[in-house]
Amino acid sequence: MTRTVRLNGIAFGGDYNPEQWPREVWQEDVRLMQKAGVNFITVSVFSWPLLEPEEGRFDFGWLDEVIELLHSAGIAVDLATATATPPAWLIRKHPEVLPVTADGVRLAFGSRQAYCFSSPVFRAYALKLTRAMAERYGNHPAVRLWHVSNEYGDHVARCWCDASGMHFRGWLKSKYSSIEALNEAWGTSCWGQHYLDFEAIEPPRTATGPINSTQRLDFERFSSDAMLELFTAEVQVLREVTPELPVTTNFMSILHELDYFKFADAEDIVTDDAYPDPADPRSHVDAALNYALMRGAKGGAPWLLLEQSASAVSWREVNVPKAPGVMRLDSYQAMAHGADGIMYFQWRAAKFGPEKFHAAILGHRGERSRTFAECSVLGAELAGLAAVKGSRVVAQVAMLCDWDSNWALAAPDSLPTDRLPWIKAARAWHRATFGLGATVDLVRAGADLTSYKVLLLPNLYLVQPELAAQLEAFAAAGGTVVVGPFSGVVDANDHMHDGGAPGPLRPLLGVEVDEVWPLPDGTAGEILLAGEPRGVHTITEWIDAVDARIVARYSGGELDGRAAVTVREHGAGSAWYLSAALAEDGMSVLMAEILDEAGVARRPLPASAEAGDAVELVVRRGPDSSFSFVLNRGTDHVPVDLPSSATVLVGGSAASTVPPRGVLVVQHDHADAVVLAAEPGAATDFSTPLSTPTAEVTP
Ligand code: GAL
């Protein structure tokens, strides 16, 4: 059953915490929400103590009033199940619900999300509240989306308490069936770790030395699954009581601790909380990678930006505000990348508590605050963009993300180098593609790859044979596979592949890794790429190109003259292997060659833009037309040639340039390509047909 968020147009609004304000303010809030163009509001995220002030006694009166008030103003509601933070009375009665660290310290009440996700006690109370919420509000016409809990994994993503231990043992029993199978998978013959029965197994608490790496990997898998189990338990109750209402839980962009692909499968629509750092001039590049996951998690479906800040946040060491125009640019960037809603944390700036310095739509100066003015302008613009809704981002490049591999790669004290978290390699590769003007989707192993020309695997440490077969089929059919260093090293049990890396990828890549040569911190190596020396860092490898063409060789150092980058033809496609982490310039040169050879359509770099990062062009395709988003973060005007069929939706109908911090959104025929005028004739051809978009959010 497809459940969609019934909303007219693009969702616009944010988290609302009316319980922090006297009733008189509520009327004023709703009046100003209307003024700002708000049509969707999240409520009751942290309201459990008010909704159930004592065990079993529910007080919905105040929330009834709030929802009625919003409804009468035509504002729809994203209703939280309010289970994100247990009330003090519950903790007092059941202190065992509190999470415990790996060192055995039980965390105290005094902040939010103070519970162990494996606690059966917490689950029972949470489900009772969820059911009560569903029964109370499930039929209210204002309620359009269930918002389960809040940011699973925020603050507490792992718990080592006894309840977790018991849950972990149950998870292991169903995974392995016999203790012999576990002993084999965990390689317990190493360091005398053999177990006689499951009861002897504990979660990997702080130990004398490095912990059995498969035990640790299984605990990572288990913890993500345990949180997912809690989520799906709530989802089940909601489905039972309100089978028509869609369900979500808000993601935290790319979170190492949770397998968001599995979470996405359990929800109806993906929602994200995105907080790019305004102090980092390239944070929008990494934000694009986060958004690549949001759409990739559900096969390209549109998603909602459920939280962003109208300006500064309050939780970094230094919280820089967003300069005028930046929030608008960030919002359009999310939309360009598939968001059908732009929402904020939060509606009204807090008067007290840890987030009183966090920006909001309505700042402390109320209607006169800059954020209110900027958000209202955006709200009015978004009201005219309903046509964009449901369209899907056009990307010809995919990057593979695999939580199993990422967790395995995060084993402290047992790898050639600890400097290799997946996200670092993923961001480096994505920065190269972004700078070259190519849009990337983040996809899971086994995803449908037919619409992609290039598949990037910046670092896939753990590789299973099925994936190797999928990559071979993709290349055989004409695709280009690009694999980075330290890939195909271990199997699903974190055991080395026989014959060494790249394990099952060896036939595809035609290389063998003899030894990993990590570089000490602060040092760099060099390769010769098209005759030019290019820097490498963090990791290099001694490889043999047994059945592949050498594209670049190491220059200097112990690996001097040895193969560094290789390519092998495979069927109609090809497979590249990069045995080192390339510095940015070299990565960009190499990636340009790979993308161009594969025929990837990319935005021509406008001669006037300072750097490739400054201008972004993303295309969304709907059933009848396409939408091009041009975002200019540079200081120069970017000239544009609009296609003859173009209707300018944002940016002024006579637009011939996109000004600094400007946005251009045009609607045009599928066949038309958007041209950035700086390179006459260099059209970006996005006319390759995609499968008919299925709208996740209906008009
Ligand atoms: C999110 C959270 C919100 C709020 C926000 C502040 O992580 O879901 O409740 O705390 O951060 O940036």
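Keep in mind that what you see is a predicted model, and the values were worked out from it rather than measured.

Participant: Can you lay out the site of the ligand for me, pointing to particular residues and giving the numbers?
Facilitator: Neighbouring the ligand are Phe46, Arg112, Asn150, Glu151, Asp273, Tyr275, Glu307, Trp315, Phe345, Glu355 and His358. Within the side chain of glutamate 355, an N or O atom sits 2.3 Å from an oxygen atom of the ligand. Against a free-state accessible area of 310 Å², the protein chains account for coverage of 96% of the ligand. Counting atoms within 2 Å of the grid points, the majority share of the ligand lands in the largest pocket. Classifying every residue of the shell around the ligand gives four nonpolar, two polar and five charged.

Participant: An account of the packing of aromatic side chains is requested, with residue identities and associated values reported.
Facilitator: Under the criterion given, the structure shown has 26 aromatic pairs. Taken together, a centroid distance of 5.6 Å and an interplanar angle of 35 degrees make the contact between tryptophan 160 and phenylalanine 219 tilted. On the criterion of sequence distance, the pair formed by tryptophan 160 in the loop between β4 (143–147) and α6 (162–176) and phenylalanine 219 in helix α8 (residues 213–241) is long-range, its members being 59 residues apart. Here tryptophan 160 matches phenylalanine 219 in class, with each residue buried. Ring-pair connections join several aromatic residues into one group, and the members of that group are Tyr152, Phe231, Phe251, Tyr260, Phe261, Phe263 and Trp403. Here the basic side chain of arginine 348 rests over the ring of tryptophan 21, its NZ or CZ set 5.1 Å away from the ring centre.

Participant: How would you sum up the pairing of strand β8 (residues 303–307)? Please name residues and give values.
Facilitator: Counting buried residues along β8, five of its five residues qualify, which places the element largely inside the surrounding structure. Here strand β7 (residues 271–273) pairs with β8 via three bridges, running parallel. When the bridges of β8 are listed, aspartate 273 appears paired with glutamate 307. Where β8 meets strand β9 (residues 339–344), two bridges bridge the pair, whose relative direction is parallel. The residue bridging tryptophan 303 from the neighbouring strand is alanine 339, located in β9. With respect to chirality, the unit in which β8 leads through helix α11 (residues 326–336) into the neighbouring parallel β9 is right-handed.

Participant: Please set out the layout of surface pockets residue by residue, giving values where relevant.
Facilitator: Its boundaries defined by the atoms lining it, the largest pocket holds a volume of some 1,200 Å³. Looking at the largest pocket, it is lined by 43 residues, and the ones nearest its centre are Arg112, Asp154, His155, Trp315 and Glu355. The element contributing the most residues to the lining of the largest pocket is helix α10 (residues 283–296), with four residues. Of the residues that constitute the lining of the largest pocket, the class distribution is 16 nonpolar, 15 polar and 12 charged. Computed from the structure, the second largest pocket encloses a volume of approximately 820 Å³. Along the wall of the second largest pocket there are 32 residues; nearest its centre are Gly209, Pro210, Ile211, Asn212 and Ser213. The element best represented in the lining of the second largest pocket is α8, accounting for six residues.

Parameters at a glance
- Residues numbered from 1 in each chain as written.
- Predicted model: local features only at pLDDT ≥ 70, side-chain atom pairs only at ≥ 80, totals over all residues.
- Heavy atoms only, no water.
- Near = heavy atom within 4 Å.
- Polar contact = N/O pair within 3.5 Å; in protein donor to acceptor, adjacent residues only side chain to side chain.
- Areas by Shrake-Rupley, 256 points an atom, 1.4 Å probe, with all protein chains shown as cover.
- 1 Å grid on protein atoms, 1.4 Å probe; cavity = no way out; pocket = protein on both sides within 12 Å on 5 of 7 lines; lining within 4 Å.
- Sits in = over half its atoms within 2 Å of the grid points.
- Nonpolar A, V, L, I, M, F, W, Y, C, P; charged D, E, K, R; others polar.
- Phe/Tyr/Trp six-rings, centres within 6.5 Å; stacked < 30°, edge-to-face > 60°.
- Helix = DSSP H or I, 4+ residues; strand = E, 2+ residues; numbered from the N terminus.
- Buried < 20%, exposed > 50% of the residue type's maximum accessible area, 1.4 Å probe, protein only.
- Lys NZ or Arg CZ within 6 Å of the ring centre and 35° of its normal.
- Pairing = 2+ DSSP bridges.
- Right-handed = clockwise from strand over helix to strand, strands pointing away.
- Points joined across faces, edges and corners; volume = space filled by probe spheres on them.

The analysis is restricted to geometry; functional conclusions fall outside its scope.
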